[in-house]
Amino acid sequence: MTLAGADWDWRMKIYPSGLYARLNSGMSHPPELGLWRQFEVLEQAEMNARSRRAMEQGESGYIQEFRLRRDGAIMWIRESVAITRQASGSFWLVGVAIDITEQKRSQAARDEVVARLNKIGSQLPGMIFQFRQRPDGTSCFPYSSAGIQTIYRVTPAEVRED
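Residues numbered from 1 in each chain as written. Predicted model: local features only at pLDDT ≥ 70, side-chain atom pairs only at ≥ 80, totals over all residues. Heavy atoms only, no water.

Student: Teacher, can you tell me more about the pairing of strand β5 (residues 73-87) here?
Tutor: Across a regular strand the side chains alternate sides, sitting on one face of the sheet and then on the other. As judged from the ten bridges shared by strand β4 (residues 61-70) and β5, these two strands associate in the antiparallel manner. Within β5, the residue paired with Phe66 across the bridge is Ile77. Counting the residues between successive antiparallel strands, the hairpin from β4 to β5 contains two residues, one of them, Asp71, with a positive phi of roughly 55°. Relative to strand β6 (residues 90-99), β5 runs antiparallel, the two being bridged by ten bridges. In the sheet register, Glu79 faces β6, and the bridge partner there is Ala97. A loop of two residues connects β5 with β6, the two strands running antiparallel in sequence, and Gly89 in this loop sits at a positive phi of about 80°. (Pairing = 2+ DSSP bridges. Helix = DSSP H or I, 4+ residues; strand = E, 2+ residues; numbered from the N terminus.)

Now the structure itself:
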């Protein structure tokens, strides 16, 4: 990869993987053009800025998460990239990409349940909580509603782990 002013000169080599096969399914896309070009990359500008900044600042690499859209379907990818400077303005980038779509869906579902529980908890007198006693005898409240502040004068964050 070579940086020349605002331009990029990419010379790619993509090694087939399970993810590559799924992403390229039914497509006749030449690998030398890059894997992401066949998708609408929703965070493209941020990705380019992160990559360029890492190279210009001499960083050893970067990790990024982004969304790919094709035919209305969204897929989340986490990409870890190692950077080796070859010469002035020339870099060797090696990246590993994994599909994190299911993790993102699971997190969204968890966030929705927590938001619903928080909404219910805010309308009840007192508090809703989950209490956990550890094998060493210490305890914590992994979940407590905001009502804990009124009763015990501590925040949910303060008792989450202690």
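Picking up where we left off.
Student: Explain the side chain of Ser145 to me, please; I cannot follow it from the model alone.
Tutor: Considering the arrangement of structural elements, one finds Ser145 in the loop between β8 (139-144) and α4 (147-152). You can call Ser145 buried: its relative accessible area is 1%. Contacts of Ser145, omitting those with residues within four sequence positions, involve Gly121, Gly126, Met127, Ile128 and Pro156. (Buried < 20%, exposed > 50% of the residue type's maximum accessible area, 1.4 Å probe, protein only. Contact = heavy atoms within 4.5 Å.)

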